[in-house]
Structures are given as structure tokens and as C-alpha cells.
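# Results of the structural survey
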Protein chains: 2
Amino acid sequence: MSNSTNSPISHNVYFEGKVQSLGLETAKGKATVGVMKKGTYTFAASSPEKMVIISGIMEVKLTADGAIKKYAEQEAFDVAAGTSFEATCNDDVAYLCYYG
Amino acid sequence: MSNSTNSPISHNVYFEGKVQSLGLETAKGKATVGVMKKGTYTFAASSPEKMVIISGIMEVKLTADGAIKKYAEQEAFDVAAGTSFEATCNDDVAYLCYYG
């Protein structure tokens, strides 16, 4: 993972650039907006996360319970702290992720 | 404006990094998701644009008719091709912009 934090907005790059995000503050605390290209990615959540789909469809496997579910625009899922999730995208997906 | 396009996801940087966006393809065509820090910015639209607010509140002045209006989460506004708009953010704002 690489990120540039001396800029007013942090830009985070994962999986050789196939997942990228931009940091922001929201009324609900720290968040990122990001884009995922086609592929399958595993993310570990050190703090609780709430993922909201902005564009596209994300198939999610929560490692906490193994459940697999598809999420479309405006749908959200929670990731417990200390767990991880596997995201599969067949097309570009945009998301908003709240931390904490 | 600077952007890195040899990456799988284009990352666009405007106004000394206070506005940044990430490119993606959507069911509705090309789009970007982006973040604006506190400030006032003017954007010119070479093609029609639809701006959707994802987080925060954006005060928008459409130069086409001078109307000034605030847009909150899930609210959207259209920018005609060949016109511009002035966006004022008092806090971080995240947006999704559809082109064409």
C-alpha cells in the first residue's frame, strides 16, 4: 500500500493501483471514497468499518461468518474490527468507507 | 491540473491538491468520485455533467443562470456543456460526477 499524506487529501493506492481511495472527514468521522477495478481483494479492518456502495455491484464475503452477499448502489455492510472481508468486483465499483 | 493515467485508475489533482478525483466507468458512462476540501472552486464543463453529493454540503452557483443553491447528500445538479459552476465547501465534500 502506498499513500501520499503531505497533500491536503490523502490518496491511498492498493493492489498495484487497482484499488485507490481519497481520505475525507465527514459528520460521521473519518472516511474514504474509493474505486475498485475488476478483481477480488481482501481487506483487513483494524477498526469497525461501514462500506457504502456508490456505484456498481460488490460481492462481499465477510470472513467473520463466511456469508457471501452482493451489494448494489446505496447498500451498505459493516465489517467488525479485527476481521476482514473479500470483495469481488466484475466491473468498476465506487464506495464510501466510514472508519471507527 | 495534474493526473496520473498510466495507473489502472486515473487520479486527478486540482487546486494544489484541495480537489482530487478518481476515474471509473459506470452503467451511466464515465464518472469520477472525488473530494473537495474547504474552499471555493470554479469548474468548466466541456460536456454535460451530473454532480451527485455523497458526503457533506456543497453550495453551488451555476454561471449559466447565477442561481445559488446548497446540495446535501444524495442531492444532484446538472451542469450544461460549455458552462461552468462555482462550488463552495465549508467542510470536506465527497461527490460523484457523471460525464456526457
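Residues numbered from 1 in each chain as written. Chains lettered and ligands numbered in written order. Predicted model: local features only at pLDDT ≥ 70, side-chain atom pairs only at ≥ 80, totals over all residues. Heavy atoms only, no water.

Chain A is annotated in an unreviewed UniProt entry as DUF1255 family protein of Pedobacter hiemivivus.

## Considerations on the overall build of chain A
Note the threshold: By definition, any uninterrupted DSSP run of H or I lasting at least four residues is a helix, any uninterrupted run of E lasting at least two residues is a strand, and each is numbered from the N terminus. In this treatment the radius of gyration is a C-alpha quantity, and the globule benchmark scales as 2.2 Å times the residue count to the 0.38 power. We call a residue buried when its accessible area falls under 20% of the maximum for its residue type, exposed when it is over 50%, and partly exposed in between, using a 1.4 Å probe and counting protein chains only. Computed with the Shrake-Rupley method and a 1.4 Å probe, the accessible areas treat only the protein chains shown as cover for residues. Only four residue types enter the tally: Lys and Arg on the positive side, Asp and Glu on the negative side; His and the chain ends are excluded. Working definition for charges: the position is that of NZ of Lys, CZ of Arg, CG of Asp or CD of Glu.
Helix and strand counts for chain A come out as 0 helices and 11 strands. Ordered by position from N to C terminus, the α and β elements of chain A give β-β-β-β-β-β-β-β-β-β-β. In terms of overall size, chain A behaves like a compact globule, its C-alpha atoms giving a radius of gyration of 13 Å where 100 residues would be expected to give roughly 13 Å. Principal axes of the C-alpha set define a box for chain A whose edges measure 40 × 25 × 25 Å. The buried share of chain A, reckoned over its 100 residues, is 46%. Surface accessibility of chain A: about 4,800 Å² in total, with carbon and sulfur atoms responsible for 52%. The positive charge centre, built from 9 side chains, and the negative charge centre, built from 11, are 1 Å apart in chain A.

## A few points about the pattern of salt bridges
Any two side chains of opposite charge can pair, so long as their charged atoms come close to each other. Spelled out, the test is: For this analysis, a salt bridge means a side-chain nitrogen from Lys or Arg found within 4 Å of a carboxyl oxygen belonging to Asp or Glu.
Overall, the coordinates contain 6 salt bridges over all chains when judged by the stated rule. Between A:Lys37 and A:Asp92 there is a salt bridge whose closest N-O contact spans 3.1 Å. Note that A:Lys37 is positioned in the loop between strand 4 (29-36) and strand 5 (39-45) and A:Asp92 in the loop between strand 10 (83-89) and strand 11 (93-99), a separation of 55 residues in sequence. Its relative accessible area of 10% is what places A:Asp92 among the buried residues. Between B:Lys30 and B:Glu25 there is a salt bridge whose closest N-O contact spans 2.7 Å. Judged by relative accessible area, B:Glu25 falls into the partly exposed class, the value being 37%.

## Focus on the sheet that holds strand 8 (residues 68-71) of chain B
Residue and element names in this part refer to chain B. Filter applied, for reference: Whether two strands pair comes down to DSSP finding at least two bridges between them. Whenever a helix is involved, its axis is fitted only over the stretch in contact; in every case the axis is a line through C-alpha atoms, and angles between N-to-C directions fall within 0 to 180 degrees.
Read from one edge to the other, the open sheet built from 4 strands follows the order 5-10-7-8, with strand pairing classed as antiparallel. Since the sheet does not close on itself, it has two edges, and those belong to strand 5 (39-45) and strand 8, each with one partner. Direction aside, the axes of adjacent strands within the sheet are offset by 25 degrees on average. Two strands pair when backbone bridges link them, and strand 7 (residues 58-62) and strand 8 are joined in this way by 4 bridges, in the antiparallel orientation. What sits directly across from Val60, in strand 8, is Lys69.

## Observations regarding unusual backbone geometry
Residues and elements named next belong to chain A. With a phi close to 50 degrees, Glu16 is a non-glycine residue in the positive phi region. For Glu16, the position within the fold is in the loop between strand 2 (11-14) and strand 3 (19-26). On the basis of relative accessible area, Glu16 is assigned to the exposed category, the value being 71%.

## Notes on the relation of the copies chain B and chain A
Just so we agree on the cut-off: The superposition of copies rests on a least-squares fit of C-alpha positions from residues with pLDDT of 70 or more in both. We call two residues in contact whenever any of their non-hydrogen atoms come within 4.5 Å of each other.
Once chain B has been moved 0.0 Å along the axis and rotated by 180 degrees, it coincides with chain A to within an RMSD of 0.0 Å. Classification of the inter-copy transformation places it as that of a two-fold axis. Ranked by how close their C-alpha atoms come to the rotation axis, the residues of chain B are headed by B:Val33, at 3.5 Å. Mapped onto chain A, 100% of the interface residues of chain B are again interface residues, and the two copies thus contact each other with one and the same surface.

## A closer look at the pairing of strand 9 (residues 76-79) of chain A
Residue and element names in this part refer to chain A. Burial along strand 9 is one-sided: Phe77 and Val79 are buried, while Ala76 and Asp78, pointing the other way, are not. Where strand 6 (residues 49-55) and strand 9 come together, 4 bridges link them in antiparallel fashion. In the strand pairing of strand 9, Lys50 is matched with Asp78.

## Some points on the nonpolar core
Stated formally: As used in this record, nonpolar core signifies buried Ala, Val, Leu, Ile, Met, Phe, Trp, Tyr and Cys residues forming a set joined through side-chain atoms within 4.5 Å.
By size, the foremost hydrophobic cluster in this structure holds 22 residues, and its most contacted members are A:Val33, A:Leu96, B:Val33 and B:Leu96. Put simply, the parts of the chain that give this core at least two residues each are strand 3, strand 4, strand 6 and strand 11 of chain A together with strand 3 (19-26), strand 4 (29-36), strand 6 (49-55) and strand 11 (93-99) of chain B. Those residues within four positions of B:Leu96 in sequence are excluded, and the remaining contacts are A:Ile54, B:Leu24, B:Ala31, B:Thr32, B:Val33, B:Lys50, B:Met51, B:Val52 and B:Ile54.

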